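Next come the chains, spelled out residue by residue.
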Amino acid sequence: MANANSPKSSTPLGQGVPPRVRFCPSPTGNPHVGLVRTALFNWAFARHNEGTLVFRIEDTDAARDSEESYDQLLDAMRWLGFDWDEGPEVGGPHTPYRQSQRMDIYKDVAQKLLDAGHAYYCYCSTEELDARREAARAAGKPSGYDGHCRDLSAEQTEAYKAEGRTPIVRFRMPDETITFTDLVRGEITYLPENVPDYGIVRANGAPLYTLVNPVDDALMEITHVLRGEDLLSSTPRQIALYKALTELGIAKETPAFGHLPYVMGEGNKKLSKRDPQSSLNLYRERGFLPEGLLNYLSLLGWSLSADRDIFTIGEMVAAFDVTDVNPNPARFDLKKAEAINADHIRMLDVKEFTERCAPWLRAPFAPWAPEDFDESKWQAVAPHAQSRLKVLSEITENVDFLFLPEPVSDEASWAKAMKEGSDALLRTAREKLAGADWTDPESLKEAVLAAGEEHGLKLGKAQAPVRVAVTGRTVGLPLFESLEILGKEKTLARIDAALAKL
Ligand code: GLU
Ligand code: ZN
């Protein structure tokens, strides 16, 4: 590979044909953020260019794929708000969209490639391949497949068969340099010695990703392949395969390719699927909004403008051009993701906000008994909470003082707020609060302020023990609004309980 800095071509759309792109995950494990970013860029590209998004399931690896993971993928796509024009549940002209249901197609194409001499049977055993690879390496030669079975004679083939060997099918790479213009990285060149012949069908007859992916891209008339950088090395192989498929009348035109940058996690290591930080479910459970998460993930390689980090998905679609994607690795920054999500939470209207919090106000997230939840208190407190949350799950600890029979007991908060003299202060505050106007948070503030003055304390210092007595915590929602919503009776009772404890 060479020359990653050459100019990028603009998206070759000019022919007036709307693009057809695909999102084609394998249903293995849980959906992860890398996958979501790929889906997002394909979706935004399709929508921006009024093209077609094909959702294809690459489930040809029976050992690793699972139905559970397939269901999770669809659920994730829906939660994120993506729609697709062809694929599972919506159908389309290239049905079926699950590769496990397309095996006859691949068998047929493999046979045609064999018949035309674009592929051949390779009888080499793993041990033989390993031994020759080692020898090549030791001799400082390219260590890929050495073409051993490219032109076996009929006798050699018979001899292998007689030994009981079962062959794989290998694609014959043309002995030529392959150059293509990546939509993200510019011109890329692969020399033939670096792209050896490769397997396309296993010895047991199962077709491999190397075959089924480009075959389906061809049959489904995909015009643009946007995918992660980890797949860059398969592109010269696929381009060669495409050429063969075109010759056979199976493919029309080789698609354009764009490889999205790596996402780096902690310690500047590639974020892997297995990294807990990369699990989409984690972000869902923590209460990321899909629009907040997508806004953040779009920044992994792309930006709307230098001075704007926060935008809606509609704004992204309107502006998205894959040739603007930056090829350099992008760093996944959880703090930034949360900050962006917080902005999206603030952008909701209050009603929407209260509705979206619903899952975290119930079991298993909420620690209070369902019957202790009070809808009118929730409606009253929600607007005060909205501007303070980074993720929706934080709502629970912010409002639990309203629904738990007693404030949570948090020793660290207690120790921090309850100092010498706190009991005297609390006694005065209780007295003044008892005489305050409980329909007006200002009046409650006056009461605590006045109590503080009597003890030589500023408001901040005076309200800390009150907050801990009533909510259990040193930080939380605006205190006097919180007290008003909790109500006079409970507030005073909690101060009494704290005094008893002191
Ligand atoms: N099923 C492949 C994967 O999930 C798709 C790769 C591609 O986009 O070509 O890695
Ligand atoms: Zn061989």
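The structure we're discussing is the one just above.
One structure accompanies this document, and this report is about it. By convention here, each chain's residues receive numbers from 1 onward along its written sequence. For naming, the first written chain is A and the first written ligand is 1, with later ones following in the order written. Local features are withheld for residues below a pLDDT of 70 in this predicted model, meaning they are given only at 70 or higher, and side-chain atom pairs are given and counted only at 80 or more; totals for whole chains, interfaces and linings count all residues. Each side-chain value is derived from all of the structure's non-hydrogen atoms; neither hydrogens nor water enter the calculation.

**Things to note about the overall build of the chain**
No. 1: Helix and strand assignments follow DSSP, with helices taken as H or I runs no shorter than four residues and strands as E runs no shorter than two, numbered in order from the N terminus. On a plain count of helices and strands, the chain comes out with 20 helices and eleven strands.
No. 2: Taken against the 2.2 N^0.38 rule, which gives 23 Å for 502 residues, the C-alpha radius of gyration of the chain at 31 Å runs more than 25% over that of a compact globule.
No. 3: Principal-axis analysis of the C-alpha atoms places the extent of the chain at approximately 105 × 50 × 40 Å.
No. 4: The buried share of the chain, reckoned over its 502 residues, is 49%. Between the two quantities, the radius of gyration covers C-alpha atoms and the globule rule is 2.2 Å times the number of residues to the power 0.38. Categorising residues by exposure relies on relative accessible area from a 1.4 Å probe, with only protein chains included: less than 20% of the type maximum marks a residue as buried, more than 50% marks it as exposed, and the intermediate range marks it as partly exposed.

**Some thoughts on the coordination of the zinc ion (ligand 2)**
No. 1: Donor criterion used throughout: N, O or S atom within 2.8 Å of the metal, extended to 3.2 Å for Na, K and Ca. Water excluded; incomplete-looking sites may result. Within the protein, the atoms that donate to the zinc ion (ligand 2) are Cys122 (SG), Cys124 (SG), Tyr145 (OH) and Cys149 (SG), at distances of 2.1 to 2.3 Å.
No. 2: In short, tetrahedral needs four donors with all angles between 85 and 135 degrees, square planar needs four and octahedral six donors with opposite donors over 155 degrees apart and all other angles between 65 and 115, and whatever is left is irregular. Around the zinc ion (ligand 2) sit four donor atoms, and with donor-metal-donor angles ranging over 101 to 121 degrees the site reads as tetrahedral.
No. 3: Mapped onto the polypeptide sequence, the residues donating to the zinc ion (ligand 2) form the spacing pattern C-x1-C-x20-Y-x3-C. With cysteine 122 in strand E3 (residues 119-122) and tyrosine 145 in the loop between helix H4 (126-138) and helix H5 (154-162), this residue pair connects regions lying 23 residues apart in the sequence. Per residue, the accessibility class of cysteine 122 equals that of tyrosine 145, and both read buried.

**Topic: the site of ligand 1**
No. 1: Around ligand 1, the surrounding shell consists of Arg22, Cys24, Pro25, Ser26, Glu58, Tyr209, Asn213, Arg227 and Leu231.
No. 2: Polar contact is defined as a pair of N or O atoms within 3.5 Å, subject to the rule that within protein one atom must be able to donate a hydrogen and the other to accept it, and that residues adjacent in sequence are counted only when both atoms are side-chain atoms. Here serine 26 contributes a side-chain N or O atom positioned 3.1 Å from a nitrogen atom of ligand 1.
No. 3: A distance of 2.7 Å is found between a nitrogen atom of ligand 1 and a side-chain nitrogen or oxygen belonging to glutamate 58.
No. 4: Protein chains shield 79% of the accessible area of ligand 1, which is 300 Å² for the free molecule.
No. 5: Amino acid classes used here: Ala, Val, Leu, Ile, Met, Phe, Trp, Tyr, Cys and Pro are nonpolar; Asp, Glu, Lys and Arg are charged; the rest, including Gly, are polar. Along the lines of polarity and charge, the residues of the shell around ligand 1 split into four nonpolar, two polar and three charged. Working definition: residue near molecule or strand if any one of its non-hydrogen atoms lies within 4 Å of it. To be clear on the numbers: accessible area is Shrake-Rupley with a 1.4 Å probe, and residue cover counts the displayed protein chains and nothing else.

**So, the pattern of salt bridges**
No. 1: Salt bridges, as used here, are contacts in which a Lys or Arg side-chain nitrogen is within 4 Å of a carboxyl oxygen on Asp or Glu. Applying the stated criterion to the full structure yields 40 salt bridges.
No. 2: Residue arginine 56 is joined to glutamate 58 by a salt bridge in which the shortest nitrogen-to-oxygen separation is 2.8 Å.
No. 3: Residue class for glutamate 58 comes out buried when judged on its relative accessible area of 5%.
No. 4: When the shortest N-O distance is used, the salt bridge between arginine 427 and aspartate 423 registers 3.9 Å. In this pair, arginine 427 and aspartate 423 both sit in helix H16 (residues 422-434), four residues apart, roughly one turn of the helix.
No. 5: Overall, arginine 427 belongs to the partly exposed group, its relative accessible area being 48%.
No. 6: Classification of aspartate 423 by relative accessible area gives partly exposed; the value is 30%.
No. 7: Salt bridges sharing partners connect three or more residues here, namely Arg22, Arg56, Glu58, Arg102, Asp216 and Asp217.

**Details of the sheet that holds strand E4 (residues 168-171)**
No. 1: Being paired, for any two strands, means DSSP has found at least two bridges between them. Pairing is antiparallel in the open sheet, where three strands are placed in the order E3-E4-E7. Taken across any chain shown, the strands that pair with only one partner, and hence form the sheet edges, are E3 and strand E7 (198-201). Geometrically, the sheet is characterised by an average inter-axis angle of 45 degrees between neighbouring strands, direction not taken into account.
No. 2: The pairing of E3 with E4 spans four bridges and is classified as antiparallel. Note that in E4 the partner of cysteine 122 across the bridge is isoleucine 168.
No. 3: Residue contacts are counted whenever heavy atoms from the two residues lie within 4.5 Å of one another. Every axis in this analysis is a line fitted to C-alpha atoms, fitted for helices over the stretch in contact. Angles between the N-to-C directions lie between 0 and 180 degrees. In the packing of helix H3 (residues 103-115) onto the sheet, the strands contacted are E3, E4 and E7, and the crossing angle to E3 comes to about 95 degrees.

**A short note on the packing of aromatic side chains**
No. 1: Between rings of Phe, Tyr and Trp, where Trp is taken as its six-membered ring, a pair exists when centres lie within 6.5 Å; planes separated by under 30 degrees are stacked, by over 60 edge-to-face, and by other angles tilted. With the rule as written, the count across this model stands at 18 aromatic pairs.
No. 2: When the ring of phenylalanine 180 is compared with that of tyrosine 190, the centres are 6.5 Å apart and the planes differ by 5 degrees; the resulting orientation is stacked. One end of the pair, phenylalanine 180, is in strand E5 (residues 178-182); the other, tyrosine 190, is in strand E6 (residues 186-190), with ten residues separating them in the sequence.
No. 3: On the basis of an interplanar angle of 65 degrees and a centroid distance of 6.2 Å, the ring pair of phenylalanine 180 and phenylalanine 257 is categorised as edge-to-face. Here phenylalanine 180 is found in strand E5, whereas its partner phenylalanine 257 is found in strand E9 (residues 256-260), with 77 residues between them in sequence. Each member of the pair, phenylalanine 180 as well as phenylalanine 257, carries the same accessibility label: buried.
No. 4: Among the aromatic side chains, those forming a connected cluster through ring pairs are Phe41, Trp302, Phe311 and Phe320.
No. 5: Note on criteria: charge over ring means Lys NZ or Arg CZ within 6 Å of the ring centre, with the direction from the centre no more than 35 degrees off the ring normal. Above the ring of tyrosine 70, the side-chain terminus of arginine 98 is found at 3.8 Å from the ring centroid.
No. 6: For the cation-ring pair, lysine 501 lies above tryptophan 414, with the distance from its terminal atom to the ring centre recorded as 3.9 Å.

**Quick notes on the nonpolar core**
No. 1: Formed by 51 residues in total, the largest nonpolar core has its most connected members in Leu297, Phe320 and Phe332.
No. 2: Among the elements that make up this core, the one with the highest residue count is helix H1 (residues 33-48) (ten residues).
No. 3: Aside from chain neighbours lying at most four places away, what touches phenylalanine 332 is Val33, Val263, Met264, Leu271, Gln277, Tyr283, Tyr296, Leu297 and Leu300.
No. 4: If you look at the next biggest cluster of nonpolar residues, it comprises 49 residues, including Phe353, Phe401, Phe480 and Ile485. Nonpolar core, defined: a set of buried Ala, Val, Leu, Ile, Met, Phe, Trp, Tyr and Cys residues in which side-chain atoms within 4.5 Å join the residues together.

**Quick notes on the environment of alanine 135**
No. 1: Checked against the element boundaries, alanine 135 lands in helix H4.
No. 2: For alanine 135, a relative accessible area of 46% puts it in the partly exposed group.
No. 3: Here the alpha-carbon distance between alanine 135 and glutamate 454, two residues 319 residues apart in the chain, equals 88 Å.

**As for the packing of H1 against helix H9 (residues 290-298)**
No. 1: Running from N to C, H1 and H9 point in directions that differ by 85 degrees, and their axes come no closer than 10 Å. Taken together, the axis directions place H1 and H9 in an arrangement best described as roughly perpendicular. Contacts from Val33, Val36, Arg37, Leu40 and Phe41 in H1 reach Leu294, Leu297 and Ser298 in H9. Roughly parallel means an angle under 35 degrees; roughly antiparallel means over 145; roughly perpendicular covers 65 to 115; every other angle is labelled oblique.

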